[in-house]
Amino acid sequence: MQNTKIYTTAFASVYPHYIQKAEKKGRTKKEVHEIISWLTGYDEKNLQEILDNRTDFKTFFENAPQMNPNTSLIKGVICGYRIEDIEDDLMRNIRYLDKLIDELAKGKSMEKILRK
């Protein structure tokens, strides 16, 4: 998995796609924010700053207040790659977020998405 262009891509440029994907399936922006907060520890204020500053994915994850200790429970295939086999921490974190948004769009309950 060599495509590291995503590392320097602004989180704000992908964020609307997360919202759109969720809303297209009847889910909400609030649920997307809950997922982002659960995964990274960012609150609403911090998330808005990231969006306003066009922070890249690398910085977004490096500066995350608290990556959730239950991320290891996120398993499966996303974009053709098995998440648990991704060795690069940053790419794995990006794919965790992708997987959680996919689960939201597929109708899973928030309890299952947040591994409760």
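In this text, all values refer to a predicted model and were calculated from it rather than measured experimentally.

## Comments concerning the packing of helix α2 (residues 29-40) against helix α5 (residues 89-105)
A pair of packed helices is characterised by two quantities: the angle between their axes and the separation of those axes.
Logical step 1: Where α2 contacts α5, the axes come no closer than 10 Å and their chain directions differ by 145°. Crossing of α2 over α5 shows right-handed handedness. Mapping the contact onto sequence places Glu31, Val32, Ile35, Ile36, Trp38 and Leu39 in α2 and Asn93, Tyr96, Leu97, Leu100, Ile101 and Leu104 in α5.
Logical step 2: Of the residues contributing to the contact of α2 with α5, the split by class is 10 nonpolar, 1 polar and 1 charged.

## A few points about the pattern of salt bridges
Logical step 1: The final tally for this structure, using the stated rule, is 9 salt bridges.
Logical step 2: Between Asp102 and Lys21 there is a salt bridge, with its nearest N and O atoms 2.1 Å apart. Linking Asp102 in helix α5 with Lys21 in helix α1 (residues 11-24), this pair joins segments that are 81 residues apart in sequence.
Logical step 3: Notably, a salt bridge pairs Glu103 with Arg115, separated by 2.6 Å at the nearest N-O pair. Of this pair, Glu103 sits in helix α5 while Arg115 sits in the segment after α6 (110-113), placing them 12 residues apart in sequence.
Logical step 4: Under the relative-accessibility criterion, Glu103 is labelled buried at 5%.
Logical step 5: The exposure class of Arg115 is buried, given its relative accessible area of 15%.
Logical step 6: Three or more residues are tied together by salt bridges with common partners; here these are Glu103, Lys108 and Arg115.

## Quick notes on the packing of α1 against helix α3 (residues 44-53)
Logical step 1: In the contact formed by α1 and α3, the axes pass within 7 Å of each other and the chain directions differ by 120°. Residues Phe11, Ala12 and Tyr15 of α1 form the contact with α3, whose own contacting residues are Leu47, Ile50 and Leu51.
Logical step 2: Tallied by class, the residues present in the contact of α1 with α3 amount to 6 nonpolar, no polar and no charged.

Analysis parameters
Throughout this description, residue numbers start from 1 for each chain and increase along the sequence as written. A pLDDT threshold of at least 70 governs which residues receive local features in this predicted model, and a stricter bar of 80 or more applies before side-chain atom pairs are shown or counted, although totals over entire chains, interfaces and linings include all residues. Hydrogens and waters are ignored; side-chain quantities use all the structure's heavy atoms. To define axes, lines are fitted to C-alpha atoms, for helices over the stretch in contact only, and angles between the resulting N-to-C directions are given on a 0 to 180 degree scale. Put simply, DSSP marks the helices as runs of H or I at least four residues long and the strands as runs of E at least two long, and each gets a number from the N terminus on. The crossing is said to be left-handed when, going from far helix to near helix, the turn is anticlockwise and less than a right angle, and right-handed when the turn is clockwise. The criterion used for residue contact is that any of the two residues' heavy atoms lie within 4.5 Å. Residues are grouped as follows: nonpolar covers Ala, Val, Leu, Ile, Met, Phe, Trp, Tyr, Cys and Pro; charged covers Asp, Glu, Lys and Arg; every other residue, Gly included, is treated as polar. Counted as salt bridges are all cases of a side-chain nitrogen of Lys or Arg within 4 Å of a carboxyl oxygen of Asp or Glu. Categorising residues by exposure relies on relative accessible area from a 1.4 Å probe, with only protein chains included: less than 20% of the type maximum marks a residue as buried, more than 50% marks it as exposed, and the intermediate range marks it as partly exposed.

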